[in-house]
Every structure is written in C-alpha cells, then in structure tokens.
Amino acid sequence: MSRTAVKPDARAKLLDAALLLIRSKGYSATTVDELCAAAGVTKGAFFHHFKSKDELAVAAAEHWSQTTGALFVTAPYHEHADPLDRLLGYVAFRKTLLQGDVPDFTCLVGTMVQEAYGTAPAIREACARSIAGHAATLEADIQAVIDARGLSPDWSAASLALHTQAVLQGAFILAKAKGGASVAADSIDHLYRYLELLLRPAQGHSTR
C-alpha cells in the first residue's frame, strides 16, 4: 500500500504563515487577509480556528516554541561532556542561525512582545512563556558549571539563563536597526566571551 504525505490542515498553515509574516512585517502590520492569503485558506477557515488575530498570535507563540524547541533539542552542542562547553556551544550555535535576511533569523515572540506587551496581555504572557521556557533549557548546565567549579555567585542559574536571552533579543533588535546580521553576530561573540570569563578558570580563557 502506498503512503501519502499528510497535508497540513488550515490551522497549521495559518500558524506557519504567522511565523513568516509577523517576523517580516511585525504583528500590528500583519492583517488577517494577508495571513489567509499566505496560508492559502479562506477567511472563514481562519475564524473557524481562531476567534481573533490575537488568539492566533497566542497559538503562534506556542507553535514557535514547539518548532524551535525541536531544533535545539537535536543541536550538536548537547554532545559536549562538559556543561560549560555545552553552554558555550549553545551560544556558538545561535550564531550559526544568523542566516538569510533579517526576518529569517529573528525571533517571533521577541517581535510580538515588543508591540503587544502593553495592549494584549494574553500575547505578552504567551511570549513570556516562550522566552522563559527556552531560557530554562540552559539552567541545568549553568548550575552544573557553578557546582563543578565551586562557585558562590550572587546570581542564580535562572537569571543568567534569562540574561542570555536578553542579549540575543537585543542582538535581533540591532540587526533590524542596522539591516543585517553582522551586528547581531558581534553581540553573540560578546556573550560568548562574557560567559567564558564569568565561568571558566582564568587559565582557560579563550581569545575568541
């Protein structure tokens, strides 16, 4: 018996269209009509799955987390035995993702929350869950570095994990302002050096 590929349904098509259009145009400038056109579905299909554009945005944030989460869970930095090497490998991996035009590598939830944080609490909360959830994937390695090196910092693994996301989101803003990836790459390099200086013994400092 031959197998046929499962075609994405209208909801999945709309979510994929949201990832593309919102990163390209911003949330406010993206219309329901444009989302439907990009997804190849009718407006009736849109409102069958989502009561409003805001409801789609919340679902898109969750879809973004699932999509990017699958990418990061299989990334090569997990293969390092040392937790600091895994953390630095994560940062280096983020730099390799700066490919294509600015909308291709910038963050959906970072884009949406900048526009909607004061007017759409549900979108703000969905974006916060996405960013914090991704940051949490780094906490165990940061804590392992703290424990292995006998450090007693006045900050937590959770706060440093969130700081990495603050730097990355800021790097995306700079890329948008400058119109290219090079300035974001510089910021990621600075983050790499900062983490190494903070967490690696002095004799292990790199010249990266």
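Right above here is the structure, for reference.
Residues numbered from 1 in each chain as written. Predicted model: local features only at pLDDT ≥ 70, side-chain atom pairs only at ≥ 80, totals over all residues. Heavy atoms only, no water.

**Description of the overall build of the protein**
Within the protein, the secondary structure is distributed over ten helices and zero strands. The helix and strand sequence of the protein, counted from the amino end, reads α-α-α-α-α-α-α-α-α-α. Expressed along its principal axes, the backbone C-alpha trace of the protein runs to roughly 65 × 50 × 30 Å. Every one of the 208 residues in the protein was classed for burial, and the buried ones make up 43%. In the protein, once contacts between residues fewer than 6 apart in sequence are set aside, the share between residues at least 24 apart is 65%. Of the roughly 11000 Å² that the protein leaves accessible, carbon and sulfur atoms contribute 56%. (Helix = DSSP H or I, 4+ residues; strand = E, 2+ residues; numbered from the N terminus. Buried < 20%, exposed > 50% of the residue type's maximum accessible area, 1.4 Å probe, protein only. Contact = heavy atoms within 4.5 Å. Areas by Shrake-Rupley, 256 points an atom, 1.4 Å probe, with all protein chains shown as cover.)

**As for the packing of aromatic side chains**
Within this structure, the stated rule accounts for seven aromatic pairs. Here the aromatic rings of Phe 46 and Phe 47 are separated by 5.0 Å at their centres, their planes lie at 75 degrees, and the arrangement is edge-to-face. Taking 5.9 Å as the distance between ring centres and 45 degrees as the angle between the ring planes, the aromatic pair formed by Phe 72 and Tyr 90 counts as tilted. Taken together, the positions of Phe 72 in helix 4 (residues 53-73) and Tyr 90 in helix 5 (residues 83-96) put the pair 18 residues apart, joining distant regions of the chain. Under the relative-accessibility criterion, Phe 72 is labelled buried at 7%. Its relative accessible area of 0% is what places Tyr 90 among the buried residues. Aromatic ring contacts, followed pair by pair, group Phe 72, Tyr 77, Tyr 90 and Phe 93 into a single cluster. (Phe/Tyr/Trp six-rings, centres within 6.5 Å; stacked < 30°, edge-to-face > 60°.)

**Examining helix 8 (residues 121-148)**
Each α-helix turn comprises 3.6 residues. Residues three or four places apart therefore point the same way. Between the first and last C-alpha of helix 8 there are 40 Å, a value that for 28 residues agrees with the 40 Å anticipated at 1.5 Å per step. The largest bend in helix 8 amounts to roughly 30 degrees and is located at Leu 138. For helix 8, the complete set of buried residues consists of Ile 123, Ala 126, Cys 127, Ser 130, Ile 131, His 134, Ala 135, Leu 138, Asp 141, Ile 142, Val 145 and Ile 146. As for helix 8, its buried residues are in contact with helix 4, helix 5, helix 7 (108-116), helix 9 (157-178) and helix 10 (182-199). Of the residues one or two after helix 8, Gly 150 is the one with positive phi, at around 60 degrees. (Expected span 1.5 Å × (residues − 1). Bend = angle between axes of the 7 residues up to and from the residue.)

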